[in-house]
Amino acid sequence: MAMPASCPAFRRAVLALALVAVGMPALAQETGGESANRIAANQPVGEAVLIPSRVIYPGETIELAALKQVTLVPGRHKPDGMATRSEELQGKVAKRTLLPGRYIPVAAIREAWLVEQGASVQVYFTAGALTISAAGVTLQPGAAGDQIKIRNIDSGKIISGTVMVDGTIKVGAS
């Protein structure tokens, strides 16, 4: 005996198949400016997350204006490896296209570059009380803490160093 199309179980199955076919959207309901305190006491409260409200393109800096806060359906939790808080997203740069209504994978964002490729930088070597500085040109971009290659302007030698928070490069003895 065939089930009618109006059967709730049949509709749920079709909806589940459609969701699987189009990817994994953030199953959520918009908060619409409502605070958690205003939600009725008899309704369970879901986890609040941030998702893109518009397309964010590769290389674009993520701003809070491009995100919207949604509350996940009660009982749902964000998948592992997804960035959903403002601290994880503000000021980061998209490595790939981020679509509206979808979770943002941590692997799809990176820190903003402190030094760009081809930028002139100061390179420092420190050993005890001895400090040697030189001018260099970066051969690749880098964020704070990244290991990058630099060409010493005076000698032409290529060296590796660590990008510091102030945009200088620290090299060690090799």
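Now for a quick tour of the structure. (Residues numbered from 1 in each chain as written. Predicted model: local features only at pLDDT ≥ 70, side-chain atom pairs only at ≥ 80, totals over all residues. Heavy atoms only, no water.)

**Thoughts on the overall build of the protein**
Counting its regular elements, the protein contains two helices and 12 strands. For the protein, the N- to C-terminal ordering of α and β elements is α-β-β-β-β-α-β-β-β-β-β-β-β-β. The buried share of the protein, reckoned over its 174 residues, is 26%. Long-range pairs, those at least 24 residues apart, make up 47% of the contacts in the protein between residues at least 6 apart in sequence. Approximately 11,100 Å² of the protein is accessible, and the part contributed by carbon and sulfur atoms is 57%. (Helix = DSSP H or I, 4+ residues; strand = E, 2+ residues; numbered from the N terminus. Buried < 20%, exposed > 50% of the residue type's maximum accessible area, 1.4 Å probe, protein only. Contact = heavy atoms within 4.5 Å. Areas by Shrake-Rupley, 256 points an atom, 1.4 Å probe, with all protein chains shown as cover.)

**Quick notes on the pairing of strand β11 (residues 158–163)**
One ladder, built from five bridges, connects strand β10 (residues 147–152) with β11; its direction is antiparallel. What sits directly across from K149, in β11, is S160. As paired elements, β11 and strand β12 (residues 169–171) share two bridges and run antiparallel to each other. Pairing of T162 across the sheet is with K170, part of β12. Taking the residues that link successive antiparallel strands as the turn, the β11-β12 hairpin has five residues, and the phi of G167 there is positive, at about 90°. (Pairing = 2+ DSSP bridges.)

**Describing the side chain of N152**
Its place among the elements puts N152 in strand β10. Within the structure, the side chain of N152 is placed 2.8 Å from the backbone nitrogen of D154, a separation counted as a polar contact. Sequence-distant contacts of N152, that is, excluding residues within four places in its chain, are made with A134, A135, G136 and K157. (Polar contact = N/O pair within 3.5 Å; in protein donor to acceptor, adjacent residues only side chain to side chain.)

**Overview of the pattern of salt bridges**
Under the counting rule described, the total for this entry stands at three salt bridges. With a closest N to O distance of 3.0 Å, E87 and R85 form a salt bridge. Judged by relative accessible area, R85 falls into the partly exposed class, the value being 47%. (Salt bridge = Lys/Arg side-chain N within 4 Å of Asp/Glu carboxyl O.)

**Examining the nonpolar core**
A general tendency of soluble globular proteins is for nonpolar side chains to be buried together. Listed in full, the 12 residues of the largest apolar core are L50, I56, I62, A66, L67, A83, L89, A94, L98, I104, A108 and I109. Setting aside residues no more than four positions away along its own chain, I56 makes contact with I62, A66, L67, A94, R96, T97 and L98. In terms of nonpolar packing, the next biggest core, distinct from the first, is built from eight residues, V121, V123, I148 and V171 among them. (Core = buried A, V, L, I, M, F, W, Y, C linked by side-chain atoms within 4.5 Å.)

**Description of the pairing of strand β8 (residues 120–127)**
Here β8 pairs with strand β9 (residues 130–138) via eight bridges, running antiparallel. Bridged to A127 within β9 is L130. The turn linking β8 back onto β9 is made up of two residues, and G128 within it adopts a positive phi angle of 65°. Of the strand pairs in this sheet, β8 and β12 are connected by three bridges, and their pairing is parallel. Residue pairing in the sheet places Y124 in a bridge with K170 of β12.

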